[in-house]
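Observations on the three-dimensional arrangement
The primary structure of each chain is shown beneath.
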Amino acid sequence: MTELADPPRPAPSPAPQSLDSPAAEPALRPRFLADIYEDASRCNKCSLCQAVCPTYVVNPVEWETARGRVSLVRDAIEGRLELRDIADGPLSTCLACNNCMAACAPGVPTAEIVTRARQELQAQEGHPFGQSVALRGILPHPIMLRLVHGLGRAAEVTGVLPLARRGGLTRWMGLAGAFAEHLGPLPARTAYRRAKGLPGPPAPARGRLGFVMCCYQNVAAPEATEATLRVLAANGYEIVVPTLGCTGLPAKSLGDRDAMLEMARKTVAVLREHRVDALVGDVASCTMHVRDFGRLLDDDQYFSADARRLSQSLRLASDLLADAGLLAPLGRLRLTVAIDEPCALAHGSAERSAPHRLLSQVPGLRLVPLEEAAMCCGGAGAYFHSQPERSTAILSRKFEHVVASGAEALVTENISCLNQLREGARRHAPHVRVLHVFEVLQASIEGAQRRLAARER
């Protein structure tokens, strides 16, 4: 892959005069982004982030590292350059995976710094029209999401979309065409529709859970969410599935802070109406984003209290079930599995170990280690479209490790990861199945149920 040159930098400011001089320059003060200035100032330029940054390992130039990006954002805050000067490259190529924090002694939150810089840049420069239509007119509204799914299915069934794929027309359709190629045919039934026909838990119920549906997984991989709901029910939980729009993660990543906060408010307004013992989600990135609502809406007098309460009650479904324990009998699965860890989860957290804790209980299943399991796969959001060369290089590196592991199945619990890793399997390892962790658990539970039914006959 061709290395990208460092972006042009303005001439350095003259060195400040001695503090003993009456004409000494005053100490620099942040022009904007005061909320992350202190965090950005903690970077000690140690370079340990280089080895764990997915973009740097495939394109080793300084501004691809966390320390390079943070330094440039700080320069913009202090007035040595403008954010628009680093929009292409330092701000746009970061995956916001926070993998750098695993090696960062001062714990500089690079993802938050870059995300806030993107938000400030759009506040200064304005929001792209198409992006605003998607983030404000479509994603927050469940009825619009259903309409988009219906149109996608109609285009698929009538042959319009397959013809566009074969003729290469999707390449001219912008982001919509990119997703049409990346995802392939959409399943006919969304996760919301599948949830309506699921059986309840065996009596007595273990607890009542509110399920936070990811709008992306709802249409792109509904079978994964269906498996999650079935496994939770089989393990004694009553599930309530509120109808939600997007919770705001795409708006956060793309830089539209106002749209993000509005989607957060809409989500809180729906969830607070349901009386449940806890909230759960099965998509790591969305779950962690909703868990952050207490902080994001802290200054909102109408939503702050409910946002904090909901944030504190939200669990990743795999973590909740691993802690509570499996009740449903598990059948034997002769399968060799490697686990890819979603980078949305904090390093060293209980959530990262939950799939290991659950799958290690499946009879016959063999877990094998995956080199760089915590390294991002390059599939965050629309990164595969906006940064195709980097995304492809990062994915190729990931699958070198997958093939070396000898795994027959690669397991994760994040929708962007599922789709990106499935693309990687198609290209590099067609023999490897890419599954959500709850799909594996569901297969094991169904195996046990079949054997029990056979014995009863």
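Residues numbered from 1 in each chain as written. Predicted model: local features only at pLDDT ≥ 70, side-chain atom pairs only at ≥ 80, totals over all residues. Heavy atoms only, no water.

**Looking at the overall build of the protein**
Formally: Put simply, DSSP H or I for four residues or longer makes a helix, DSSP E for two residues or longer makes a strand, and each gets a number counted from the N terminus. Atoms counted for the radius of gyration: C-alpha only. Globule rule: 2.2 Å times the number of residues to the power 0.38. Note on definitions: a residue-residue contact is assigned when non-hydrogen atoms from the two residues lie within 4.5 Å. In these tables, accessible area is a Shrake-Rupley quantity obtained with a 1.4 Å probe, and a residue counts as shielded only by the protein chains included in the view. Neither His nor the chain termini are counted; the positive set is Lys and Arg, and the negative set is Asp and Glu. To locate a charge, the coordinates of NZ of Lys, CZ of Arg, CG of Asp or CD of Glu are taken.
A count of helices and strands for the protein gives 23 helices and eight strands. Relative to a compact globule of 457 residues, whose C-alpha radius of gyration would be 23 Å, the protein shows 23 Å and is just as compact. Projecting the C-alpha coordinates of the protein onto the three principal axes gives extents of approximately 95 × 50 × 45 Å. In the protein, the share of contacts with a sequence separation of at least 24, taken over all contacts with a separation of at least 6, comes to 77%. Approximately 20,900 Å² of the protein is accessible, and the part contributed by carbon and sulfur atoms is 55%. Taking the average place of the 52 positive charges on the side chains of the protein and the average place of its 48 negative ones, the gap between the two points comes to 8 Å.

**What to know about the confidence of the model for the protein**
The condition that has to hold: Here pLDDT means the predictor's own confidence in every residue, given as a number from 0 to 100.
Averaged over every residue, the pLDDT of the protein is 91; residues scoring 70 or more account for 94%. Every residue in residues 1-26 is under pLDDT 50, and counting partners more than four places away or in other chains gives 31 contacts.

**Focus on the environment of G381**
Short version of the rule: Type-normalised accessible area, obtained with a 1.4 Å probe on protein chains alone, sets the label of each residue: buried when under 20%, exposed when over 50%, and partly exposed for intermediate values.
Tracing the sequence through the fold places G381 in the loop between β6 (366-367) and α20 (383-386). You can call G381 partly exposed: its relative accessible area is 37%. When the C-alpha atoms of G381 and S416 are compared, they prove to be 6.1 Å apart, with 35 residues separating the residues in sequence.

**Examining the sheet that holds strand β8 (residues 433-436)**
This is how it is decided: Strands qualify as paired when DSSP identifies two bridges or more between them.
In spatial order, the strands read β6-β5-β7-β8; together these four strands make up an open sheet with parallel pairing. Edge positions in the open sheet fall to β6 and β8, since each of these has one partner strand only. Looking at chain direction, strand β7 (residues 409-412) and β8 are connected through four bridges and run parallel. Across the sheet, residue V411 finds its bridge partner in β8, namely L435.

**What to know about the pairing of strand β5 (residues 336-339)**
Convention followed: By definition, the crossover connecting two strands over a helix is right-handed if that path, from the first strand to the second, turns clockwise as seen with the strands pointing away from the viewer.
Where burial is concerned, the two faces of β5 agree: the one with T336 and A338 and the one with V337 and I339 are both buried. The pairing of β5 with β6 spans two bridges and is classified as parallel. Each residue of the ladder has a partner; that of T336, found in β6, is R366. At this point the chain moves from β5, through helix α19 (residues 350-359), to the parallel β6, and the crossover so formed is right-handed. For β5 and β7, the ladder comprises three bridges, and the chain directions are parallel. Bridged to I339 within β7 is V411.

**Points about helix α9 (residues 174-183)**
Since the α-helix advances by 3.6 residues per turn, residues separated by three or four positions end up pointing in the same direction. What α9 keeps buried is the set G177, A178, A180 and H182. Next to the buried residues of α9 lie α8 (160-166), α20 and α22 (415-428). G184 sits one or two residues past α9 and shows a positive phi near 75°.

**Considerations on unusual backbone geometry**
Note that the residue after A203, namely P204, is joined by a cis bond; omega there is -5°. On the secondary structure map, P204 appears in the loop between α10 (191-195) and β1 (207-211). One non-glycine residue, K45, lies in positive phi territory at about 60°. Mapped onto the secondary structure, K45 falls in the loop between α1 (34-41) and α2 (54-58). You will see that N98, though not glycine, has its phi angle at about 60°, which is positive. By the element assignment, N98 lies in the loop between α4 (87-91) and α5 (110-125). Assessed through its relative accessible area of 22%, N98 is described here as partly exposed.

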